[in-house]
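What follows is the residue order along each chain.
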Amino acid sequence: MGIDYFAIAPMVIVAVAALAVLAVDLFVPGRAREAAGIGALIGLVLALAATAFLMAGPPRGTFCWPEDLRGTGLASCSFVADEFTGVFQAIVLVAGVVVVLMAHAEIPATSLPSGEFHFLLLSSLTGAVTLVASRDLVTSVVSLEVLTLPVFALVALRRHDGRSAEAALKMFLISVVSTAIMLFGISLVYGVTGTLQLDRIAGALPLTGPAAPLTSAGVVLVLAGFGFKIAVVPFHFWAPDTYDGAPISVAAFLSVISKAAGFAGLILVLDKGFWPLAGEWGPVLAVLAAVSMTVGNLVAVRQRQVVRLLAWSSIAQAGYMLAPLGVLGGGPATVAYVAIYSAMNLGAFAVVALVGRRGATLDDYRGLVRERPLAGGALAFFLICLAGLPPGLAGLFAKIAVFGAVVNGGYGWLALVMAVNTVIGLYYYLTWIARLFSAGSANRGPMPRPAGIAIGVALAGTVALSVVPQLVFGISPS
Amino acid sequence: MIVALLAVPLLGCVLVLVLPERRALAAGIVVSGLTLVVAVAMAVVFDYGRADAQLAVDVPWVPALALRFQLGVDGVSLPLVLLTALLSLLCAVYSLRPAARPSRPKPFVALLALLEVGMLGTFVAQDLLLFFVFLELVLLPMYALIAGWGGTNRGAAARMFILYTLLGSGVLLVGLLLVGLHTGTLDMAVLAARHGEGLSRTTQVLAFLAIAGGLAVKTPMWPLHSWLPAAHTEAPTAGSVLLAGVLLKMGTYGLVRIAIPILPDGAAVLAPVLGACGVAGIVYAGLACLAQRDLKRLVAFSSVGHMGFLLLGISTLTPVGINAALFGNIAHGVLTALLFFLVGGVKERYGSTDLRQLGGGLLTTAPRLGSLLVFGAVASLGVPGLAGFWGEMLVMQAAYAPGPGLTRWLYLVYLGIAGAGTVLTAAYLLAMLRRVVYGVRPSPRQFGDLTRHEFAAWTPLVVAALVAGLWPRALLGVTDPTVRMLLVRGG
């Protein structure tokens, strides 16, 4: 069984970069702060280049079943680099670049250890890059854990801050429980199907007979496990506290990279593995989506702290992203929404990191557009996109895609719930936007260049997706 | 050419943002002037004998959503395009006056230009989703105009406007997607030519409920109108003019363009409801106006009544009724725009629009302003020979003979109520005139009569009101071929 090293190149590059950053931090302590950041950026850009090359070529699979064991003829590759993988790897890696740039100012300001920060970030990204390519349940779980474990440490990295430790502990406990639940679900699925490869599970799921209830239980438990990672109601309780306690760049990481990778894993499991049971989990996901967007939006309305507001809004957004998954064939709508959400939400976080100050409230953003027209204008644009109104076309297209998938699937009631929710969402985004444009005077220093580049990258992505959204539409795992 | 119609204001919006602040207002006039030139050029090359969309552009935009950048103009949309371009220019001219010059003119002009893109785009879009995108595009600029340059309660009014109408948009989108799902196309012309073929009766009723319901918020139809009085009252003059003159027309335009031709069975089932809400709106607005103490609020409420007439006309599902509604659209656009301009002028001079504080005697203090107010009010209450007359007269004629499948006695009842409504309209407008224009002025307040800019901004509207009133065929002849094409089944 040969390994296609080209197919796994992005993952290997990120992993090697992580180790390199750690080594530099160990042996060159003096100048490590700058070096770690630059090393991380180089690694991420190289990985992006590899992803781009992979996307230009045909889909590649590796770690497949040997020819003589295939039996039914399914290749059953554990790691596939196709268009779907490429799009998600690109999202995750570009978002990683933006997070590194965001952290450049935050690391010295809050005395985070630079070497550890970048090492942990790259390790976590390694998990994310692997998760979006995985095609069997074990690879999924392992890469999900590789993604999550370093994040506990990242959240707790502000060692002198008790709230940071509390946030990390909360996330750790909930995450470990969710992993346990998911593993239990996987064991049930393995028990009834006898395989862990997603493509083989689809053929082996017993739809009737004595094993059917066991199958349903296994599927539901696996989905619940993913529910924690993507923070949909009722598995969301850790998110607001953790976002609030963590450094802002780590909160951005959680709300964009971790969520995007989690959704990629969920789409893979549903679209490739559990689709024959769509009749059972479809309505469940639709209800979860409706509850998630409603609860997220209603609570967000009452938030005055920006990071908490973004946390609740990203719970609501997770509801929109989840909505099409209840429909068979709704995957591409979710992919598009996740891609567009990543760009606009990351942009909002990048401006929040620039304005800085933990626990900042909406009122701290008064007059931002007049004092910093570019950053303020960009934030207004990101928020308009999140609300899904023109001229924020990217967000509007994402919403239309989700509405379309939901209506196609016959969930008219869910579409109406979404319609009401867009109104609630607009309410709090507008509250924030209105403050940006109002008069106010907070004396703000010059904009550091890396933060400016971070905002610029997110803005370029959001604008590009507004003009040519086709880039991220119509993509599903091969 | 049709792309230029949208590109000119869009580029203008960007251009204004990079220009220095003091050139912004002049740039606004140039941009809206050029747009009007394009619109007039379109009207010149337009072939008035044809019923289908002309000057068409069709480019795929987002294939995965079946969204096409498909534009075209026909008899129904051409008058509205001209009205929009004209009112935008007049607003730009009006804002140039020293007394009404907005603070922070740069964002003000940029927002007006962006608003114009959305308004024009809505009327020329030939793809259901593109129509929706443009319809949404007007919301934020209008919100920002009200919230940024409005009256004392602007924040709440602006929020109510955008949240309420966004709810309408969401429901509308569901309806549009439902149509797209069951027919496999979003091309308005193709769908209209099918006249509901391939759509079951249930689907049609559901889709009509969603589409008409969403549009009814924008129109606004009683009882979904409650955002309107606040938004109109708090908006700056240019905002009120465009809100009443153009934005309200998008709802009725959408009904005529999308809901009725594409979903004829749904329309037949729900038209009586539409008509009932229409006449309820006429009476409600009449009574509300009689009780109004504020001039601007009175003009705002009167829109609900006029829109009620248009809805009644549309609900007859006859060419006469729909032509009348489209005529009324333009007439209301011209007259209400004029009235809001005049109210803006009154407010500037008195510092208030409260009828009790205004006292009377406008005609002696500022005779030209007073006479224009009389002209606007009289035209609005539907005196023959002026624009307001034909729309309402033809609507009532259509209600006397509603389309096939509709209960005739019901429409006769509507006709009776609408008739009573015209009396109410006359009553409140004349009462308003008596309190503001006539009589002696309570205090020796002195202020100037019409200024140059006011004269320039208002004359075109007066002329338009006269032309439409004296020569209605000029307008009805444009809309009629398209309306017949949209309505006639299997024709």
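Residues numbered from 1 in each chain as written. Chains lettered and ligands numbered in written order. Predicted model: local features only at pLDDT ≥ 70, side-chain atom pairs only at ≥ 80, totals over all residues. Heavy atoms only, no water.

Considerations on the overall build of chain B
Argument step 1. When its secondary structure is counted, chain B shows 21 helices and 2 strands.
Argument step 2. By the compact-globule yardstick of 23 Å for 491 residues, chain B fits well, its C-alpha radius of gyration being 21 Å.
Argument step 3. Every one of the 491 residues in chain B was classed for burial, and the buried ones make up 65%.
Argument step 4. Across chain B, the fraction of contacts at a sequence separation of at least 24, relative to all contacts at a separation of at least 6, is 81%.
Argument step 5. Across chain B, the mean location of the 31 positive side-chain charges is 10 Å away from that of the 19 negative side-chain charges. (Helix = DSSP H or I, 4+ residues; strand = E, 2+ residues; numbered from the N terminus. Rg over C-alpha atoms; globule rule 2.2 N^0.38 Å. Buried < 20%, exposed > 50% of the residue type's maximum accessible area, 1.4 Å probe, protein only. Contact = heavy atoms within 4.5 Å. Lys, Arg positive; Asp, Glu negative; His and termini not counted. Charge placed at Lys NZ, Arg CZ, Asp CG, Glu CD.)

A look at the overall build of chain A
Argument step 1. Assigned secondary structure in chain A consists of 18 helices and 2 strands.
Argument step 2. Expected size for 478 residues packed as a compact globule is a radius of gyration near 23 Å; at 21 Å, chain A falls within 12% of this value.
Argument step 3. Projected onto the principal axes, the alpha-carbon positions of chain A cover approximately 70 × 55 × 40 Å.
Argument step 4. For chain A, with 478 residues in total, the buried portion stands at 62%.

Here's the deal with the packing of helix H3 (residues 77–95) of chain B against helix H14 (residues 319–350) of chain B
All names here are of chain B.
Argument step 1. It is at 10 Å that the axes of H3 and H14 come closest, and there the two elements cross at 10 degrees. When the axes of H3 and H14 are compared, the pair comes out roughly parallel. Contacts from Pro79, Leu80, Leu83, Leu87, Leu90, Cys91 and Tyr94 in H3 reach Asn329, Ile330, Gly333, Val334, Ala337, Phe341, Gly344, Gly345 and Glu348 in H14.
Argument step 2. Grouping the constituent residues of the contact of H3 with H14 by class yields 11 nonpolar, 4 polar and 1 charged. (Axes fitted to C-alpha atoms, helices over the stretch in contact; angles between N-to-C directions. Parallel < 35°, antiparallel > 145°, perpendicular 65-115°, else oblique. Nonpolar A, V, L, I, M, F, W, Y, C, P; charged D, E, K, R; others polar.)

Let's talk about the interface of chain B and chain A
A common measure of how large an interface is: the accessible area buried when the components associate.
Argument step 1. In this assembly, 28 residues from chain B lie in contact with 30 residues from chain A.
Argument step 2. Buried surface at the junction of chain B and chain A, summed over both partners, amounts to about 2,500 Å²; 85% is from carbon and sulfur atoms.
Argument step 3. The interface formed by chain B and chain A contains 0 salt bridges.
Argument step 4. Counting across the interface, chain B meets chain A through 2 residue pairs in polar contact (both at pLDDT 80 or more).
Argument step 5. Those elements that provide at least two residues to the side of chain B that touches chain A are strand S1 (54–62), helix H5 (128–137), helix H6 (139–149) and helix H7 (154–183) of chain B. (Buried area = accessible area lost by both parts, 1.4 Å probe. Salt bridge = Lys/Arg side-chain N within 4 Å of Asp/Glu carboxyl O. Polar contact = N/O pair within 3.5 Å; in protein donor to acceptor, adjacent residues only side chain to side chain.)

Examining the packing of aromatic side chains
Argument step 1. The final tally for this structure, using the stated rule, is 23 aromatic pairs over all chains.
Argument step 2. The interplanar angle of 85 degrees and the centroid separation of 5.0 Å between the aromatic rings of phenylalanine 152 of chain A and phenylalanine 172 of chain A together place this pair among those described as edge-to-face. Here phenylalanine 152 of chain A, found in helix H5 (residues 137–155), pairs with phenylalanine 172 of chain A, found in helix H6 (residues 162–193); they are 20 residues apart in sequence, far enough to count as distant.
Argument step 3. Seen in terms of ring centroids, phenylalanine 389 of chain B and tryptophan 390 of chain B are 4.9 Å apart; in terms of plane orientation they differ by 75 degrees. Their pairing is edge-to-face.
Argument step 4. By relative accessible area, which is 18% here, phenylalanine 389 of chain B ends up buried. (Phe/Tyr/Trp six-rings, centres within 6.5 Å; stacked < 30°, edge-to-face > 60°.)

Things to note about the nonpolar core
Argument step 1. Phe274, Leu322, Tyr365 and Trp432 of chain A together with Phe161, Ile162 and Trp458 of chain B are the most contacted members of the largest nonpolar core, which totals 374 residues.
Argument step 2. Discounting chain neighbours no more than four positions away, the residues touching tryptophan 432 of chain A are Val306, Leu309, Leu310, Val352, Leu362, Tyr365, Leu379 and Leu383 of chain A. (Core = buried A, V, L, I, M, F, W, Y, C linked by side-chain atoms within 4.5 Å.)

Examining the pattern of salt bridges
Argument step 1. Throughout the structure, instances matching the rule amount to 17 salt bridges over all chains.
Argument step 2. Across the pair arginine 435 of chain A and aspartate 363 of chain A runs a salt bridge, and its minimum N-O distance is 2.7 Å. Within this pair, whereas arginine 435 of chain A is found in helix H17 (residues 412–437), its partner aspartate 363 of chain A is found in the loop between helix H13 (331–355) and helix H14 (368–371), the two being separated by 72 residues in sequence.
Argument step 3. Arginine 356 of chain B is the partner of aspartate 354 of chain B in a salt bridge, and the nearest nitrogen-oxygen pair spans 3.2 Å.
Argument step 4. On the accessibility criterion, aspartate 354 of chain B (17% relative accessible area) is buried.
Argument step 5. It is possible to trace a salt-bridge network through shared partners that takes in Arg163, Glu166, Lys170, Asp241, Asp244 and Arg308 of chain A.

Examining the pairing of strand S2 (residues 67–73) of chain B
For a regular strand, side chains alternate in direction, first toward one face of the sheet and then toward the other.
Residue and element names in this part refer to chain B.
Argument step 1. The element S2 is extensively covered by neighbouring structure, given that 5 of its 7 residues are classed as buried.
Argument step 2. Pairing analysis gives 6 bridges linking S1 to S2, with the strands arranged antiparallel. Opposite glutamine 54, over in S2, you have valine 73 as the bridge partner. (Pairing = 2+ DSSP bridges.)

Digging into the side chain of serine 249 of chain A
Argument step 1. Mapped onto the fold, serine 249 of chain A is located in helix H10 (residues 248–273).
Argument step 2. Sequence-distant contacts of serine 249 of chain A, that is, excluding residues within four places in its chain, are made with Val99, Met102, Ala103, Glu106 and Phe117 of chain A.

Here's the deal with the confidence of the model for chain B
Argument step 1. In this model, chain B carries a mean pLDDT of 89, and residues with pLDDT of at least 70 account for 98%.
Argument step 2. Model confidence for the complex: the whole-complex pTM is 0.92, and ipTM, which rates the interface, is 0.89. (pLDDT = per-residue confidence, 0-100.)

Let's talk about the state of the cysteines
By definition, a disulfide links the sulfur atoms of two cysteines through a covalent bond.
Residues and elements named next belong to chain B.
Argument step 1. This structure, assessed with the given rule, holds 1 disulfide over all chains.
Argument step 2. No disulfide involves cysteine 91; its sulfur sits 16 Å from the nearest other cysteine sulfur, which is in cysteine 13.
Argument step 3. The structure places no disulfide on cysteine 289, whose sulfur is separated from the nearest cysteine sulfur, that of cysteine 277, by 18 Å.
Argument step 4. The exposure class assigned to cysteine 289 is buried, which follows from its relative accessible area of 1%. (Disulfide = S-S within 2.5 Å.)

With respect to the environment of leucine 17 of chain B
Residue and element names in this part refer to chain B.
Argument step 1. Relative to the helices and strands, leucine 17 resides in helix H1 (residues 2–18).
Argument step 2. Between the C-alpha atom of leucine 17 and that of glutamate 136, which follows or precedes it by 119 residues, the distance is 22 Å.
Argument step 3. Leaving out residues up to four positions away in the same chain, leucine 17 has contacts with Lys106 and Ala110.

Observations regarding unusual backbone geometry
Argument step 1. The omega angle of the peptide bond from valine 233 of chain A to proline 234 of chain A is 5 degrees, so this bond is cis rather than trans.
Argument step 2. For the bond running from proline 390 of chain A to proline 391 of chain A, omega is 5 degrees, close enough to zero to count as cis.
Argument step 3. When you line up the elements, proline 391 of chain A lands in the loop between helix H15 (373–387) and helix H16 (393–408).
Argument step 4. With phi around 60 degrees, alanine 66 of chain B is a residue other than glycine that occupies positive phi space.
Argument step 5. Relative to the helices and strands, alanine 66 of chain B is located in the loop between S1 and S2.

With respect to helix H1 (residues 9–27) of chain A
Argument step 1. Spanning 19 residues, H1 of chain A covers 27 Å between terminal C-alpha atoms, matching the ideal 27 Å at 1.5 Å per step.
Argument step 2. Regarding H1 of chain A, the residues found buried are Ala9, Pro10, Met11, Val14, Ala17, Ala18 and Val21 of chain A. (Expected span 1.5 Å × (residues − 1).)

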